[in-house]
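Now for the letters of each chain:
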Amino acid sequence: DTSLLSTERTIEPLHDVMALNSREYQTVYFQGPIKSEFSANGLLYGGVTESTKAQMLALTKAHHVLYRAPAGEVAEVAVVGISYTEKRGLTKVEVTMVEETR
């Protein structure tokens, strides 16, 4: 049983913004694509078991998944990695994803 605590999203431009000025046109901005990353954090109750390890491994092998954030956001993402740390009977799980743009 997993309890999702939070989702963070970071967006950053892949290229710098360039401005073009001329007599005929006002300032025009050119910008490259953006990179959008999701990081989902949650608690895994009952610790890591063989079945949850198998589920996490299957998720990393699947790579491309549809992610539904707790706030209602839906995004097509590629799973970059999953990590977990065990502390005092609780397991914190973090899934790192990159949004796929077409």
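Refer to the structure printed above.
Residues numbered from 1 in each chain as written. Predicted model: local features only at pLDDT ≥ 70, side-chain atom pairs only at ≥ 80, totals over all residues. Heavy atoms only, no water.

## Some details on the side chain of Thr 91
Put simply, the test is: In DSSP terms, a helix is any run of H or I states spanning at least four residues, a strand is any run of E spanning at least two, and both are numbered starting from the N terminus. Think of it in three bands: with a 1.4 Å probe and only protein chains considered, a residue is buried below 20% of the maximum accessible area for its type, exposed above 50%, and partly exposed in between.
Among the secondary structure elements, Thr 91 is positioned in strand β7 (residues 90–99). Take Thr 91: its relative accessible area is 1%, and that puts it in the buried class.

## Digging into the pattern of salt bridges
Condition: The working definition used for a salt bridge is a side-chain nitrogen of Lys or Arg within 4 Å of a carboxyl oxygen of Asp or Glu.
Considering all chains together, one arrives at three salt bridges under this definition. Glu 73 is the partner of Arg 9 in a salt bridge, and the nearest nitrogen-oxygen pair spans 2.4 Å. One end of the pair, Arg 9, is in strand β1 (residues 2–13); the other, Glu 73, is in the loop between β5 (64–68) and β6 (74–87), and 64 residues separate them in sequence. A relative accessible area of 35% places Glu 73 in the partly exposed class. For the salt bridge of Arg 9 with Glu 99, the shortest nitrogen-to-oxygen distance reads 2.6 Å. Residue Arg 9 is found in strand β1, and its partner Glu 99 is found in strand β7; the two are separated by 90 residues along the sequence. The partly exposed category is assigned to Arg 9, whose relative accessible area is 34%. Connected through shared salt-bridge partners, Arg 9, Glu 73 and Glu 99 make up one network.

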